[in-house]
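# Descriptive analysis of the structure
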Amino acid sequence: MSVPEQDTLSEASAAPQSPDSMTAAQLVRRQRLVTTVIELISAGDALAPEDIQMKEIADRSGVALGTVYRYFSSKDHLLAAALLQWAGALEDRIKQRPMTGLGPSERLSAVLHQAIRAYARHPMFARVLVLVANSADPYASECYAQMGAVVYPALGQALGQIDEDTRGRILDVIGAVWYHCMVEWVNNRMTLQQLTKMLDSSCELLLG
């Protein structure tokens, strides 16, 4: 019997298996699913996250559909895991680029500009971010909550001379502005130019 498509976690759904309890083979299959989603989004093969079907992901990755739902509670959960991994790879690339000769405001703006360019190249990740942030699936929300731990180190390198507590509060504010900008951009109420300007203004107000 095939497993029906489900976008969010239903009350009847069992909790997905934790990666910590998976065998090496299971971890490989789980990673294939996440990689397939990242490739699907990066290639622009779908117009919106809603267009992505779990069966298509299962077929492309060579993983049985029933297994997909043992590893991920819903499509939201799988999209969240893919977004978290993509964001982690993006932040790793950003951290490898040294920033010298600039003040904290300019350094933070420069890091944000790199992230903006990545989302501009793959705008559906912005749509995924907004979808996951508003998901009713607690496992998707759990993945989204990990975004701060993934993103903040790269942003924090721009604020190395600022004490840890102040740095954290600054990044919380920038994160809130970033999310607002993503929502407005995804809903065509803000252009990339306006998004960039708002983030630059926020950096200047906080650090200038």
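Up top you'll find the structure we're talking about.
Right, let's walk through the structure included here.

### Some details on the nonpolar core
With 67 residues, the main nonpolar core has L78, L108, Y119, W178 and M182 as its most contacted residues. When residues in this core are grouped by element, the largest group, 11 residues, is from helix α4 (residues 75-95). Not counting chain neighbours up to four residues away, the residues in contact with M182 comprise Y119, A126, L129, V130 and L195.

### As for α4
Its 21 residues give α4 an end-to-end C-alpha distance of 30 Å, which sits within 8% of 30 Å, the value for a rise of 1.5 Å per residue. Taking burial as the measure, the 21 residues of α4 include 16 buried ones, the bulk of the element. For α4, the N-terminal capping position is held by S74, with its side-chain oxygen 3.3 Å away from the main-chain nitrogen of D76.

### Points about a positive patch on the surface
A cluster of basic residues, R93, R97, R117 and R121, forms a positive patch at the surface. Of note, R117 is situated in helix α5 (residues 104-121). According to the relative accessible area criterion, R117 is partly exposed, its value standing at 43%.

Cut-offs and rules
- Residues numbered from 1 in each chain as written.
- Predicted model: local features only at pLDDT ≥ 70, side-chain atom pairs only at ≥ 80, totals over all residues.
- Heavy atoms only, no water.
- Core = buried A, V, L, I, M, F, W, Y, C linked by side-chain atoms within 4.5 Å.
- Buried < 20%, exposed > 50% of the residue type's maximum accessible area, 1.4 Å probe, protein only.
- Helix = DSSP H or I, 4+ residues; strand = E, 2+ residues; numbered from the N terminus.
- Contact = heavy atoms within 4.5 Å.
- Expected span 1.5 Å × (residues − 1).
- Polar contact = N/O pair within 3.5 Å; in protein donor to acceptor, adjacent residues only side chain to side chain.
- Patch = residues over 30% accessible without salt bridge, like charges linked within 9 Å, V, L, I, M, F, W, Y side chains within 5 Å.
- Areas by Shrake-Rupley, 256 points an atom, 1.4 Å probe, with all protein chains shown as cover.
- Salt bridge = Lys/Arg side-chain N within 4 Å of Asp/Glu carboxyl O.
- Lys, Arg positive; Asp, Glu negative; His and termini not counted.
- Charge placed at Lys NZ, Arg CZ, Asp CG, Glu CD.

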